[in-house]
Each structure stands twice: as structure tokens, then as C-alpha cells.
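Coordinate analysis (summary)
The residues making up each chain are set out below.
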Amino acid sequence: MKAHLHMKKFFKRWSLYIITWIYIPFLLIIGIIACYFAYIQKQERIYSTIDFTFHQLEKEYNSTIENFSQLYLSIFENRGTNYNTILNYFSYNLNTDLSPMNKANVITTLRQMLNQDSRVQWIALYSDEREINYIMFKSENYLHVLPEDFPYLEHMENKSAQMEVYGAEKVVNANTTSPLSTYAICGGAPANMGNGKILAGYTLAPFETIVEDSRHTLESLNYMIVAGNNIVYNSSGNFDESLQTLPQLQDFEKFHTSTLDNLFTYSVFGNSHTAILSYQHSKQEVFLYSHQNTPFILLIVF
């Protein structure tokens, strides 16, 4: 009887030993491995979504830059009316308003230019020689005089490169209740046509559509396109350059990563170095997001 009780105590002690020193550590190792792979899988999923969205955003922006030259095709495809209309607009030192006939020709030409790209919402012609210049909106079929408070006027007057990209601004159409939020691409007057600029305003809608699917993943996730010191697009909706640190790149860099105050930033150049595209997010939020399943895994294991 005593021997039986002694054996029961012996096996009980060994069972506690096995549970304490073998089974529980084994479960702990299994749990850690499961948590690690769940963490890696979650992190890969979020970065895959971010990278895909960023690639689409980059593709859309670069496509806009590449297609800007297509707007000029309408001028050269028709060496008659369209070509002569733009030639007359930029070539002569005319400080008076356009005649009704010239206005009609400009409208026809700008309409064909607007039809080259559905993203273009307006086109402005700016001759350095004219006191009066014009803008035409996609939704209308007549010219507006370019106002003195036109948001891109200073940019055009200081234009130095062959093609420049300007940040998002609200462009007012006197015939509508709300202004258009657009960014702009500025090119020069066609060769041998005098001094001037052709400015096209592009909708931000394609950018918004691209980032919409990934917007819900991380609260801190933000996509940005910056031209010079001007914000072309910001998925956060903040277009005030003075309230944020804009990404910077050296000309020799293909891409750049940085971490400041727990905020990770990845940046690349856009087409022809016309802008910097970047995304940023909180590293801590990515860490917490990737560990969302950890408590459930440990609960199941133990």
C-alpha cells in the first residue's frame, strides 16, 4: 500500500515536471513561432498593399507627364486653322482683346486640346506680350479672361524650365458655385511662335481613386506628390506646405528612405524629375497592426 502511494507521488511529481519544463515551454515555442509567422504575413500584406498603391500612383502621375505633349498635337495636326491660331496668339505684340473671329478660333483649338486627355479640366494661354490672356474650362465652350488673382500667374511669370509642374490650387470659374481643385503642368509656346506658356489643369480624382482602397489600412499612412516646394497631391487633404516637412531627394538618388520621430518615409522621383512621390507611415502603427492576431493565437495555444 505504501509502495503504491509512493509510486503515485512519484508519477505526480514527474507529471508536474513534464508539464512545467517540457509541455509549457513546448507550447510557448509553438505560440511564438505561430505569432512570428502571423506577424510576418500581416506585415507583408500591408506592405504589399502600400507598394501596389504607390506603384499605381506613380504610374498615373508619370502617365500625365508623358501625355502632356499630346495636348500640342492638336496644334500641329492641323497646320491650317489651329496652327495659325496659336501662332497669331503668341507671335504678335497685341495689347488689345482678341477679335470675335480670333476668339472663335482659339475656342476651337482649345477644345481639341482639351479632348486629348480626359484628366485636363482647363487650359490657359499666356502670352508674355499680351495684357489680356485667356482660360477655357472643359465644361464650357467659351473663353474667360485670366484674372489677376489667378493662382498660377506668379509661377508662369517665373517659369525657367521647358516644362514645370505646379501644386494643387483652387481655380475659380465665375459660372460655377465651387472652385476646381487641380494641379497644373506648364509648357512653353511652340517653337518659333514667340514668348508664352500653355498651362493645363489636371483633376486630382485619379489619385483619390487609387489611394481609396488602401486608405483604411493605417491611419498614419499618407501618400504625397511634391513639385519643388508645392504639394501636387496629399492623401491626407493637407495642402499647406508651411505645416509639414516636404520630402527631399538628391538628383543622384533613385529612391530614399528615412525615419524621423517614428515616421517612415519612402520617396522616388517622378517622370523627368518633375516631382517627388512619397509615402509615409508610423512604424509603431505597422508593428501594432501586424500583431493584431497575436492575442488570439496565444489564447488558442494556451
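Summarised in this report is the structure supplied together with it. Remember, it's a predicted structure, so these values are computed and weren't measured experimentally.

Remarks on the packing of helix H3 (residues 81-91) against helix H4 (residues 100-114)
Look at H3 against H4: their axes get within 9 Å of each other, and the N-to-C directions meet at 115 degrees. Taken together, the axes of H3 and H4 are roughly perpendicular relative to one another. Classified by chirality, the crossing of H4 by H3 is left-handed. Only Asn105, Val106, Thr109 and Gln112 of H4 make contact with H3, whose side of the interface consists of Thr81, Asn82, Thr85, Ile86 and Tyr89. The class makeup of the residues in the contact of H3 with H4 is three nonpolar, six polar and no charged.

Details of the packing of aromatic side chains
For the coordinates displayed, the defined rule picks out 16 aromatic pairs. For the ring pair Phe150 and Tyr152, a centre distance of 5.8 Å and an interplane angle of 65 degrees mean the geometry is edge-to-face. Centroid distance Tyr152 to Tyr166: 6.0 Å. Interplanar angle 25 degrees. Geometry classified as stacked. Residue Tyr152 is found in the loop between strand S3 (144-145) and helix H5 (153-157), and its partner Tyr166 is found in strand S4 (residues 163-171); the two are separated by 14 residues along the sequence. The exposure classification of Tyr152 matches that of Tyr166, with both residues buried.

Let's talk about the side chain of Ser282
As for its position among the elements, Ser282 is in strand S11 (residues 276-282). With a relative accessible area of 14%, Ser282 lands in the buried category. Looking at Ser282, its side chain comes within polar contact range of the main-chain nitrogen of Gln284, at 3.3 Å. Apart from the residues lying within four places of it in its own chain, the contact partners of Ser282 are Ser220, Asn262 and Leu263.

Side note on the pairing of strand S9 (residues 255-260)
The sheet contact formed by S9 and strand S10 (residues 263-269) spans six bridges and is antiparallel. In the strand pairing of S10, His256 is matched with Ser267. Between S9 and the antiparallel strand that follows it, S10, lie two residues; Asp261 among them carries a positive phi value of about 55 degrees.

Points about the pattern of salt bridges
All chains considered together, the criterion is met by three salt bridges. For the salt bridge of Glu60 with Arg119, the shortest nitrogen-to-oxygen distance reads 2.8 Å. In this pair, Glu60 is assigned in helix H1 (residues 2-67) and Arg119 in the loop between H4 and strand S1 (120-127), connecting sequence segments 59 residues apart. Classification of Glu60 as buried rests on a relative accessible area of 18%. With a relative accessible area of 12%, Arg119 lands in the buried category. Here Lys197 and Asp128 are joined by a salt bridge, their closest N and O atoms 3.0 Å apart. A residue pair is termed long-range when its members are at least 10 positions apart, and Lys197 in strand S6 (residues 196-203) and Asp128 in the loop between S1 and strand S2 (134-137) qualify at 69 residues. The exposure class of Asp128 is partly exposed, given its relative accessible area of 37%.

Points about a nonpolar patch on the surface
Taken together, Ile29, Ile33, Tyr36 and Phe37 make up a surface patch of nonpolar side chains, about 430 Å² in accessible area. Summarising the element assignment, Ile33 is placed in helix H1.

Some words on the nonpolar core
One finds Phe207 and Ile225 to be the most contacted residues of the largest nonpolar core, which totals 53 residues. Among the elements that take part in this core, H1 stands out by supplying six residues, more than any other. Those residues in contact with Phe207 that lie beyond four places of it in its chain are Leu57, Glu60, Tyr61, Tyr183, Ile225, Val232 and Tyr233. The next biggest cluster of nonpolar side chains, apart from the first, holds 15 residues, and it includes Trp122, Ile135, Phe150 and Val171.

About the thresholds
Residues numbered from 1 in each chain as written. Predicted model: local features only at pLDDT ≥ 70, side-chain atom pairs only at ≥ 80, totals over all residues. Heavy atoms only, no water. Axes fitted to C-alpha atoms, helices over the stretch in contact; angles between N-to-C directions. Helix = DSSP H or I, 4+ residues; strand = E, 2+ residues; numbered from the N terminus. Parallel < 35°, antiparallel > 145°, perpendicular 65-115°, else oblique. Left-handed = near helix turned anticlockwise from the far one by under 90°. Contact = heavy atoms within 4.5 Å. Nonpolar A, V, L, I, M, F, W, Y, C, P; charged D, E, K, R; others polar. Phe/Tyr/Trp six-rings, centres within 6.5 Å; stacked < 30°, edge-to-face > 60°. Buried < 20%, exposed > 50% of the residue type's maximum accessible area, 1.4 Å probe, protein only. Polar contact = N/O pair within 3.5 Å; in protein donor to acceptor, adjacent residues only side chain to side chain. Pairing = 2+ DSSP bridges. Salt bridge = Lys/Arg side-chain N within 4 Å of Asp/Glu carboxyl O. Patch = residues over 30% accessible without salt bridge, like charges linked within 9 Å, V, L, I, M, F, W, Y side chains within 5 Å. Areas by Shrake-Rupley, 256 points an atom, 1.4 Å probe, with all protein chains shown as cover. Core = buried A, V, L, I, M, F, W, Y, C linked by side-chain atoms within 4.5 Å.

Scope: geometric values only; no functional claims are made or implied.
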